[in-house]
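Report on the structure
Chain by chain, the residues run as shown.
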Amino acid sequence: MELLSTALLALFVVGYLVLAGSDVGLGMLVPHVARTPAERRRVVAAVAPYFLASEVWLVAALGVLAGLFPDLEHELVGALWPVLVALALGWLVRDAGLWFRSRVDDRRWRSLCDTALVAGSWTLAVCWGLVLTALVGDGLAPDPFTVLGTVTVVALFALRGAAFGAERLVGASEAESADAAARATRPLARTALAALAVTVLVGVGLGGPALVRPEVAAVLVGILAAALAATSGLTGPMLSRHTSALAIAVPGLVVALSVGTPCRPLPG
Amino acid sequence: MFDDPLVLARLQFALTAATHYVFVALTLGLAPYILGTQLVATLRGDRSRMVAVRFWGGLYLVNYGMGVLSGLVMELQLALNWSGLHETFGYTFAAPLAVETMTAFFVESTFLGLWIFGWDRMGRWAHLFCFSVVTATAYSSAWWVLVSNGFLRHPVGFAMVDGVAHLTDPVALVTNPAAVFAFLHVVSGAMLVGALVVAAASAHHLLRGDDPHGIFRRGMGFAAVTMTVMPMVVVSFGGAQFRIFGQDPPTSGLTYTAERIEAIEAAGPSAFVSAVNTAGELVMMTAWTVMFLLGPVMLLARYGGPLNPRRWFGNGRGSTATGADGPGSAPRVPSWFRPRRWGLALLLFSPFLPYLASVGGWVYRETNRQPWVVVHHLTTADAVTPLSPGAAVTSFTLFTVAFGVLACVTCWLLVRFARRGPEGGPLAEHWEEERSKDPDPVPTF
C-alpha cells in the first residue's frame, strides 16, 4: 500500500515535470524564439491546449501529497515555505497571462500578458530547481550546490521547451520560431551538461548529499548525462524530443528513488 | 496588530477566500441558467436562444478562469500558511479538498474545453451534455469544499491516533449536517448572485433598447422569478444551520478534556473578532432584506407594471433611443422621469447585494467558530504555520496585491463583455467567421 502510494506520487511529479517542462520551457524561451507579434501569438496558441492538462498532474500530485502523505507535506512546507510561495505566485501570474491574453484586443495588453507568461515561466522553473535541489541536498542553503543544481534544472526546463517548440511551432509561413527553438537545443543541452558536471563535482566535493540509495542516484545521473551528451551533438535537435523528456524526468526520479523522505505508514 | 503572523495569515485567508468566492458564486449561479437556456434552445432548435448561450457562456468563461486560478492558489496558500491543520487533520480536512480540486480542475476544465472548442463541431445533444457535466462538476466541487468546511464546524467520523485524525466513517463525513445545510444555503445564495448579474447585464441593454434576440427580456424574466423564490430558500437553509451552532460535536473530548475546552473557550473571542462577527451578520441581513423586497417588485414590474418590456418596445425592437417621441407606448415625459429607467438603472448595481450578503454571511459563520479552527480539537493559533513576521508580511502583501489585480482585471473584463452584448463576447459567433477567413488558423484561446 505504501509502495503504491509512493509510486503514485512519483508518477504524478515526474509526469508533471515531463509535460509541464514543455510549456513552461517554451514560455521561458518566448523572447528568444518569438520576436514578432504573430510569432508570439503562435507560441501562445501552441502552449494553450497543453498548460491546463500539464497542471492537472501537479494538482493530482498535490492531492496525493495532502491526502496520503500529510506528514511529508508538513515537512516540505516547513522547509521550503518561501520557495513554495514564489512558486504559487509564479503559477498565478503565468496562468493569468495565458488566460487573459486574447480577451482584450490591444497591443500593450498582449505584451503585458506575454511579460507575465515569460516572468511566470522563469519563476516556476527556478522554483522547481530550488525545490528539487533542496530535496536532494539537505534543505535550502545558500551554498554552491543549491545554486548549481537550480541552474541545471532551469537549463533542463529550457531544453524541454526548445524541443517542444521545435516540434510544435513548425508552420507553413512562420518556421522561423521552430528553427530558432531547434537551434537552441544544442547550446542548452551543453549548458545543462556543464552545470550537471559541476553540480556533481561540488556535491561530491562537499561530502555529498545524504542519499539513501547513492547507487541509484549515480545510475540516474549517468542516464541524464548520456541524454544531454546525445543532445549536444550534431543530431541533437532531432533527438531532443525524447532526450529532453528523459532528462527532465531524472531530477524527479532521483528524489523519488534515492532520497529518504519522512513519512509514516498510511493508516488502514 | 498587523505585525502578528497569526492575524496576517487569517486576514490573508479571509481576503483570498472572499475574492475566490465572488467568482465561484457567479459560476454556480450562471451555470444552471446557461444549461436551461441551452436545453430549451436544443429542444426547439432556437437560434436566438443559442446566441444567448454564447453571450452568457462568454461571461462564464472569463469568470471561470479567475475562479480556477484563485482556487488553486488559495489551496496552496491553505497548505502553506495552515500547516498545523494539515498535520493533524490531513486525512479528514484536506482529503475532500484534494478530491474537489481534482474534479473541479480535471473534469470541469476538460468538459468546458470540449464545450468551447466543440461548438458547431459536435452534435447539439453531445454539446449540451458537455455543459451539463460542467454544471454538475461545479456543484460537486461546492459540495466537497463544504464537506471540508462543515468538518471544521462539526467534526465527525474520525478517531485520534497519535495526535493525527484518522478517517473512520467517510459516510458521516460527507453527510455531515453542517455540510449539507451549508451547501444548500450557499448554492441558493449563488442563485441570487447569478440572477442579479443576469439582471444587471440585461438592464444595461434594455436601457439602450438593444435586445434584438430577446436575450435580455428573457434574462430579466428569469431574474425576477429567481429573486422572488430564492430569498426564502436561502434564509430557510441558513436558519437550519443555527441548530448546529450551539451543539458540541460528537467527537468532542477526543483531543481535549471538557475542562480544557472550557478553559480555551473562556478566553473568548477578542473584541475585534466579535465586532467583525456582528458586522458580518448585519451586512448579511440588510442585504438579504433588500433582496427579499426586490424580488416581488421585479416580478410585478416585469409582468404587470411599468417594467414590462412589451410596453417599452412595441415590436421587440428598441425605440427608446429616439427618446420620448417613440411610437405608441412611450409616455410623453422627459426621459429622466420614467420609473422603469430608474428601476433599470438601479438594477445595474444590484449584483453588489448578493455579494455583500454572501461575504458578510461567511464572515459571520467563520468568526463564530473562534477560537477554534476545528471545533473542540484545534485552535486557530495552533493551526497556523510558525512564520517570522517578515515572511508573513511578504506573503500577505504579494498574495493580496496579486489577487487584487487579478480580481480587478476579471471584473473589468466581465463588465466590458457584458456591455458589449452578444456580438462582442469571447464566444461570439463572428470570431468563428474571422477564424475561417484567417489564412493561418490558430485556435483562439
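Residues numbered from 1 in each chain as written. Chains lettered and ligands numbered in written order. Predicted model: local features only at pLDDT ≥ 70, side-chain atom pairs only at ≥ 80, totals over all residues.

With that settled, consider the overall build of chain A. When its secondary structure is counted, chain A shows nine helices and zero strands. Counting from the amino terminus, chain A carries its helices and strands in the arrangement α-α-α-α-α-α-α-α-α. Over its C-alpha trace chain A gives a radius of gyration of 18 Å, about what one expects of a compact globule, namely 18 Å for 268 residues. C-alpha atoms of chain A, sized along the principal axes, occupy 55 × 40 × 35 Å. (Helix = DSSP H or I, 4+ residues; strand = E, 2+ residues; numbered from the N terminus. Rg over C-alpha atoms; globule rule 2.2 N^0.38 Å.)

Within chain B, the secondary structure is distributed over 16 helices and four strands. A sequence separation of at least 24 residues applies to 79% of the contacts in chain B between residues at least 6 apart. (Contact = placed C-beta atoms within 7 Å.)

For the rest of this paragraph, the subject is unusual backbone geometry. Residue and element names in this part refer to chain B. Non-glycine residue Asp120 carries a positive phi angle of around 65°. Turning to its location among the elements, Asp120 is positioned in the loop between α3 (83–117) and α4 (124–153). Its 9 C-beta neighbours within 10 Å are what place Asp120 among the exposed residues. (Buried ≥ 20, exposed ≤ 12 C-beta atoms within 10 Å, placed from the backbone.)

To continue, consider the interface of chain A and chain B. Contacts between the two partners involve 35 residues from chain A, matched on the other side by 37 residues from chain B. Among the elements of the structure, α3 (37–68) and α4 (70–100) of chain A are those that each provide at least two residues to the side of chain A that touches chain B. Its residues assigned to classes, the side of chain A that touches chain B comprises 22 nonpolar, eight polar and five charged. (Nonpolar A, V, L, I, M, F, W, Y, C, P; charged D, E, K, R; others polar.)

In this section: the packing of helix α8 (residues 214–232) of chain A against helix α9 (residues 236–258) of chain A. All names here are of chain A. Across the interface, α8 lies against α9 with an axial gap of 8 Å and an inter-helix angle of 165°. With respect to α9, the element α8 is oriented roughly antiparallel. When you trace α8 past α9, the crossing you get is left-handed. The residues of α9 that touch α8, namely those facing Pro214, Val216, Ala217, Leu220, Ile223, Leu224, Ala227, Leu228, Ala230, Thr231 and Ser232, are Gly236, Leu239, Ser240, Thr243, Ser244, Leu246, Ala247, Val250, Leu253, Val254, Leu257 and Ser258. Of the residues assigned to the contact of α8 with α9, the class counts are 16 nonpolar, seven polar and no charged. (Axes fitted to C-alpha atoms, helices over the stretch in contact; angles between N-to-C directions. Parallel < 35°, antiparallel > 145°, perpendicular 65-115°, else oblique. Left-handed = near helix turned anticlockwise from the far one by under 90°.)

What follows covers the environment of Pro209 of chain A. Residues and elements named next belong to chain A. Among the structural elements, Pro209 can be located in the loop between α7 (176–205) and α8. Linking Pro209 and Ala166, residues 43 residues apart in sequence, is a C-alpha distance of 36 Å. Excluding anything up to four places from it in sequence, Pro209 contacts Val136, Gly137, Asp138 and Gly203.

So, about the confidence of the model for chain A. All names here are of chain A. Looking at chain A, the pLDDT average stands at 84 and 94% of residues meet or exceed 70. Confidence scores differ between elements of chain A, with α3 showing the lowest mean pLDDT of 81 and helix α5 (residues 107–136) the highest of 92. Low pLDDT, under 50, characterises residues 264–268; the stretch is placed with nine contacts to residues that sit more than four places away or in other chains. (pLDDT = per-residue confidence, 0-100.)

Let's shift gears to the pairing of strand β2 (residues 164–167) of chain B. Residue and element names in this part refer to chain B. Across four bridges, strand β1 (residues 158–161) lies against β2 in antiparallel orientation. Pairing of Val161 across the sheet is with Val164, part of β2. A loop of two residues connects β1 with β2, the two strands running antiparallel in sequence, and Asp162 in this loop sits at a positive phi of about 50°. (Pairing = 2+ DSSP bridges.)

So, about the confidence of the model for chain B. Residue and element names in this part refer to chain B. The predicted model of chain B averages 80 in pLDDT, with 87% of residues at 70 or higher. Confidence drops under a pLDDT of 50 for residues 431–445, and excluding neighbours within four residues, the segment shows 15 contacts in the predicted structure. As a predicted assembly, this complex carries a pTM of 0.80 together with an ipTM value of 0.71.

Two numbers describe a pair of packed helices, the interaxial angle and the distance between the axes. Residue and element names in this part refer to chain B. At a minimum axis separation of 8 Å, α3 and α4 run at an interaxial angle of 165°. Considered as vectors, α3 and α4 are oriented roughly antiparallel to each other. Where α3 crosses over α4, the two elements pack in a sense that is left-handed.

Residue and element names in this part refer to chain B. With respect to the secondary-structure elements, Leu152 resides in helix α4. Judged by the 21 C-beta atoms lying within 10 Å of it, Leu152 is buried. With 220 residues separating them along the chain, Leu152 and Trp372 place their C-alpha atoms 8.5 Å apart.

Glancing now at α8 of chain A. Residues lying three or four places apart along an α-helix face the same way, a consequence of the helix completing one turn every 3.6 residues. Residue and element names in this part refer to chain A. In this model, α8 (19 residues) spans 26 Å end to end at C-alpha, consistent with the 27 Å of a helix rising 1.5 Å per residue. Within the span of α8, buried status applies to Ala217, Leu220, Leu224, Ala227, Leu228, Thr231 and Ser232. Taken down its axis, α8 places every buried residue within 140° of arc, on the same side. Opposite the buried face of α8, at more than 90 degrees from it, the exposed residues are Glu215 and Gly222. Elements that come into contact with the buried residues of α8 comprise α6 (144–168), α7 and α9. (Expected span 1.5 Å × (residues − 1). Arc of directions from axis to C-beta.)

Turning to the nonpolar core, a few remarks are in order. Among the nonpolar cores identified, the biggest contains 225 residues, and Ala61, Leu159 and Ala192 of chain A are the most heavily contacted of them. Those residues in contact with Ala192 of chain A that sit more than four places away from it in its chain are Thr152, Ala155, Leu156, Leu159 and Leu228 of chain A. (Core = buried A, V, L, I, M, F, W, Y, C linked by C-beta atoms within 7 Å.)

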